[in-house]
Amino acid sequence: MSERPLTQNMRPDGEALTIKEYERTGGYQALRKALKMPPKEIQEIVKNSNLRGRGGAGFNTGMKWSFVPMGNDAPRPKYLIANADEMEPGTFKDKMLIELNPHQLIEGMIISALAIEADIAYIFLRWEYRLAAARAQKAITEAYENNYLGKNILGSGFSLEMHLHISAGRYICGEETALLNALEGRRAIPRAKPPYPQICGLWGKPTVVNNAETFSNVPHIILRGADWYKGLSRSTDGGTKIYGMSGRVKKPGLWELPMGTSIREILEGNAGGMQEGYELCYLIPGGASTEFLTAEHLDVKMDFDSVPKVGSRMGTGTLVVIDDKTCPIGVLHNLEKFFARESCGWCTPCREGLPWVTSILEAIENGQGQAGDIEMLATHGESLWLGRTFCALAPGAMEPLRSGLKLFKSEFEQHIIEKRCPWR
Amino acid sequence: MLSEKETHEIEKELKQYKTRQAAGVEALKIIQRSRGWVDDEGIKDLSAILGMTPDELDGVATFYNLIFRKPVGAHVILICDTVSCWVMGYEKILSHLKNRLGIGLGETSPDGLFTLLPIPCLGACDKAPAMMIDEELYWNLTPEKIDELIKRYGWKG
Ligand SMILES: Cc1cc2nc3c(=O)[nH]c(=O)nc-3n(C[C@H](O)[C@H](O)[C@H](O)COP(=O)(O)O)c2cc1C
Ligand code: SF4
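Nothing here was measured: the structure is a model prediction, and the numbers come from that model.

Caption draft 1: Geometry of the overall build of chain B. Looking only at helices and strands, one finds seven helices and five strands in chain B. Secondary structure of chain B in N-to-C order comes out as α-α-α-α-β-α-α-β-β-β-β-α. In chain B, buried positions account for 56% of the 157 residues. Distance from the positive charge centre (19 side chains) to the negative charge centre (24 side chains) of chain B: 3 Å.

Take a look at the structure:
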């Protein structure tokens, strides 16, 4: 069995690793090592490991850090933020990582803070993750008690404050610039980029935002090196990936597997295949804002470069399987309703367009579709596409819609012509 | 007026954040914890502490899904209506809950026991369908399990 650095030491009983257990399995050794390294060297190792951001976009993490102003002239304080807002539909990996191994995230954050010389760190967690909140808070307290956090960490001269911020719920808070506004106590509306947060972020200071899974990889990279990390992967992206699968499969769940594992291996090898009586119709590869894939794509490798070659994105890497007993128009309606409700309302195409899309889909699903509806949906697919809206929420919402219009043309027409949903 | 307890807790939070405004969401949650929801008076009193206008703070309060600006029941049911739960039987669970409680989404049962609200993906996709009651997560829901749960929270119907 291949190595699973992020999950192999987790307890089978679902309890969190205590600080003692974490230390016994090598925990905080990477921090001791990193405290002796120059920040730029940490950045370089992480860059060379080809760790790519697990929040969905897959940007090289070390590269992202390299834009932060360094040295004595840099603006202070600098901030580091773990994005654990995790509201992308079908995504449940960060929750598991925090619940079962909160110290791994914290150690990863401290090392990353070292790499950018940050002074203050936040974990931005959604309110609904109550168990994760309790465990993260306990782990932060333990880390302070052991001087992994606070002033003069382990006598190194480096100091770091860490706080847990619990949000009050809204999908857009996960967008990194909206997240900054949320942390400042404002309406969580995205900010214009540039300037990028690395230059002008929280309260106008240099800030790095990374996903919770991204940070959880960092201690292992520092301890074992970039080459080892790249060797874990079956693709050009480094490391392992926490993949997940839900829907009508026999054993839905989460698995840490080599980056680049194929969809077939995840579906058949880990999720046990489809439940009796259900057939695979299509998949949503990485959260609601990714284009659908079908049975012909089962051998596609789940990594940041392979999935775009077949017209979608890996996104968060947690797949939702849609079966033949589920109406695809109903799925689209459900997805677009989510986006319409969670749109922050800042820019007109998204604020006005998403409710329109949702109401058309609802009408079609209920047998009240009209001639011209499909064209109107396609028009929205263009007018809410990349570059037309202030942030990536709206284009993300259009990804499933655009692929649905292509894949389910006859199902759309059938609903409209027969004035009913054939699945009900 | 803010109660002594509310004021005390809010002051503690103010120390955690760099600006007064940044403590706003946490402070709204404190008021909500003690009153069940955030009333107009709460907005007015809190805005003075945070150095914001009441309208500015109301703009923040109404932005977030989990700050309630209307009264809610003794227990709040947050039912996940997002894709994995929807595929795995959300509609059946919802109609069962609606029938039992006699209310729709966004409504409170006449006895004031439950408010029923939809919530985006709870991150329990492998155990769908799921919902929260107050701070507890419940999963692999069936009509029978729902009956047992609402009884546990005091449902007499
Ligand atoms: C609407 C929207 C929601 C997002 N939600 C999340 C989220 O919940 N968690 C997350 O890590 N990234 C989320 N992102 C991506 C972040 O903006 C950002 O790219 C990410 O946190 C960077 O971390 P990474 O480089 O480690 O991937 C979201 C983006 C958009 C447009
Ligand atoms: S695209 Fe939507 S979510 Fe993004 S800024 Fe515009 S209205 Fe807000």
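Having seen it, we continue.
Caption draft 2: Layout of the overall build of chain A. Within chain A, the secondary structure is distributed over 17 helices and nine strands. Computed over its C-alpha atoms, the radius of gyration of chain A comes to 22 Å, within 12% of the 22 Å expected for a compact globule of 424 residues. With the C-alpha coordinates of chain A rotated into their principal frame, the extents come out at 75 × 45 × 35 Å. Sorting the 424 residues of chain A into buried and exposed places 64% on the buried side.

Caption draft 3: Representation of the site of ligand 2 within the structure. Surveying the vicinity of ligand 2 reveals 13 residues, the closest of which are Cys344, Trp346, Cys347, Cys350 and Cys391 of chain A. A class-by-class count of the residues in the shell around ligand 2 yields 10 nonpolar, three polar and no charged.

Caption draft 4: Structural view of helix H3 (residues 40-50) of chain B. All names here are of chain B. Buried within H3 are the following residues: Gly42, Ile43, Asp45, Leu46, Ser47 and Leu50. Contacts made by the buried residues of H3 are with helix H1 (4-16), helix H2 (24-35) and helix H4 (54-61). Gly51, located one to two residues past H3, shows a positive phi value of around 70 degrees.

Caption draft 5: Here's a closer look at the side chain of Glu399 of chain A. Residue and element names in this part refer to chain A. Along the polypeptide, Glu399 turns up in helix H16 (residues 393-407). The buried category is assigned to Glu399, whose relative accessible area is 10%. Contact partners of Glu399, with chain neighbours within four places excluded, come to Ser289, Thr290, Glu291, Arg313 and Trp385.

Caption draft 6: Structural detail: the nonpolar core. The biggest cluster of nonpolar side chains holds 173 residues, and the ones touching the most others in it are Ile106, Ile110, Ile123 and Ile222 of chain A together with Tyr64 of chain B. When residues of this core are assigned to their parent elements, the largest contribution, nine residues, is made by helix H6 (residues 102-116) of chain A. Leaving out residues up to four positions away in the same chain, Ile110 of chain A has contacts with Tyr28, Leu31, Tyr148, Leu149, Ile153, Phe158, Leu160 and Met162 of chain A. Counting 22 residues, the second largest nonpolar core, distinct from the first, contains Trp255, Met274, Leu293 and Met314 of chain A.

Caption draft 7: Representation of the domain arrangement of chain A in the model. Residues and elements named next belong to chain A. By the assigned domains, chain A splits into domain 1 (19-231), domain 2 (243-323) and domain 3 (328-418). Put simply, the middle of domain 1 and the middle of domain 2, counted by C-alpha atoms, are 28 Å apart. Across the boundary between the two partners, domain 1 contributes 15 residues, which contact 15 residues of domain 2. Here domain 1 and domain 2 share an interface that buries about 1,100 Å² over both sides, 63% of which is from carbon and sulfur atoms.

Caption draft 8: A look at helix H14 (residues 348-365) of chain A. Residue and element names in this part refer to chain A. Spanning 18 residues, H14 covers 26 Å between terminal C-alpha atoms, matching the ideal 26 Å at 1.5 Å per step. What H14 keeps buried is the set Cys350, Gly353, Leu354, Val357, Thr358, Ile360, Leu361, Ala363, Ile364 and Glu365. In the segment just after H14, Gly367 is the residue with positive phi, at about 80 degrees.

Caption draft 9: The state of the cysteines, seen in detail. Residues and elements named next belong to chain B. Applying the stated criterion to the full structure yields zero disulfides over all chains. The thiol of Cys125 is unpaired, and the distance to the nearest cysteine sulfur, on Cys121, comes to 3.6 Å. Among the residues examined, Cys125 registers a relative accessible area of 4% and is labelled buried.

Caption draft 10: Looking closely at the packing of H16 of chain A against helix H17 (residues 409-418) of chain A. Residue and element names in this part refer to chain A. It is at 5 Å that the axes of H16 and H17 come closest, and there the two elements cross at 80 degrees. Classed by the angle they form, the pair H16 and H17 counts as roughly perpendicular. Here Gly404, Leu405, Lys406 and Leu407 of H16 come into contact with H17, specifically with Lys409, Glu411 and Phe412. Considered class by class, the residues forming the contact of H16 with H17 number three nonpolar, one polar and three charged.

Caption draft 11: Representation of the interface of chain B and chain A within the structure. Counting residues at the interface gives 40 residues for chain B and 54 residues for chain A. Where chain B packs against chain A, one counts three salt bridges. For Asp81 of chain B, the salt bridge is made with Arg341 of chain A, and the minimal N-O distance between the two is 2.8 Å. Viewed at the interface, chain A and chain B are joined by 21 residue pairs in polar contact (both at pLDDT 80 or more). Listed by contribution, the elements that provide at least two residues to the side of chain B that touches chain A are H2, H4, helix H5 (83-87) and strand E3 (114-119) of chain B. The leading source of residues in the side of chain B that touches chain A is H5 of chain B, at four residues. Considering only residue class, the side of chain B that touches chain A consists of 22 nonpolar, 10 polar and eight charged.

Caption draft 12: Layout of unusual backbone geometry. The amide bond that connects Arg76 of chain A to the next residue, Pro77 of chain A, takes the cis arrangement and shows omega of -5 degrees. Among the structural elements, Pro77 of chain A can be located in the loop between helix H4 (61-65) and strand E1 (79-84). With omega at -10 degrees, the peptide bond leading from Lys193 of chain A into Pro194 of chain A counts as cis. By the element assignment, Pro194 of chain A lies in the loop between helix H8 (176-183) and strand E4 (207-211). The phi dihedral of Glu86 of chain A falls on the positive side, at around 25 degrees, and the residue is not glycine. Classification of Glu86 of chain A as buried rests on a relative accessible area of 8%. The backbone of Asp134 of chain B sits at a positive phi, close to 50 degrees, despite the residue not being glycine. The topology assignment puts Asp134 of chain B in the loop between strand E4 (131-133) and strand E5 (136-138).

Each value, and the rule that gives it
Residues numbered from 1 in each chain as written. Chains lettered and ligands numbered in written order. Predicted model: local features only at pLDDT ≥ 70, side-chain atom pairs only at ≥ 80, totals over all residues. Heavy atoms only, no water. Helix = DSSP H or I, 4+ residues; strand = E, 2+ residues; numbered from the N terminus. Buried < 20%, exposed > 50% of the residue type's maximum accessible area, 1.4 Å probe, protein only. Lys, Arg positive; Asp, Glu negative; His and termini not counted. Charge placed at Lys NZ, Arg CZ, Asp CG, Glu CD. Rg over C-alpha atoms; globule rule 2.2 N^0.38 Å. Near = heavy atom within 4 Å. Nonpolar A, V, L, I, M, F, W, Y, C, P; charged D, E, K, R; others polar. Contact = heavy atoms within 4.5 Å. Core = buried A, V, L, I, M, F, W, Y, C linked by side-chain atoms within 4.5 Å. Domains from an automatic or database assignment. Buried area = accessible area lost by both parts, 1.4 Å probe. Expected span 1.5 Å × (residues − 1). Disulfide = S-S within 2.5 Å. Axes fitted to C-alpha atoms, helices over the stretch in contact; angles between N-to-C directions. Parallel < 35°, antiparallel > 145°, perpendicular 65-115°, else oblique. Salt bridge = Lys/Arg side-chain N within 4 Å of Asp/Glu carboxyl O. Polar contact = N/O pair within 3.5 Å; in protein donor to acceptor, adjacent residues only side chain to side chain.

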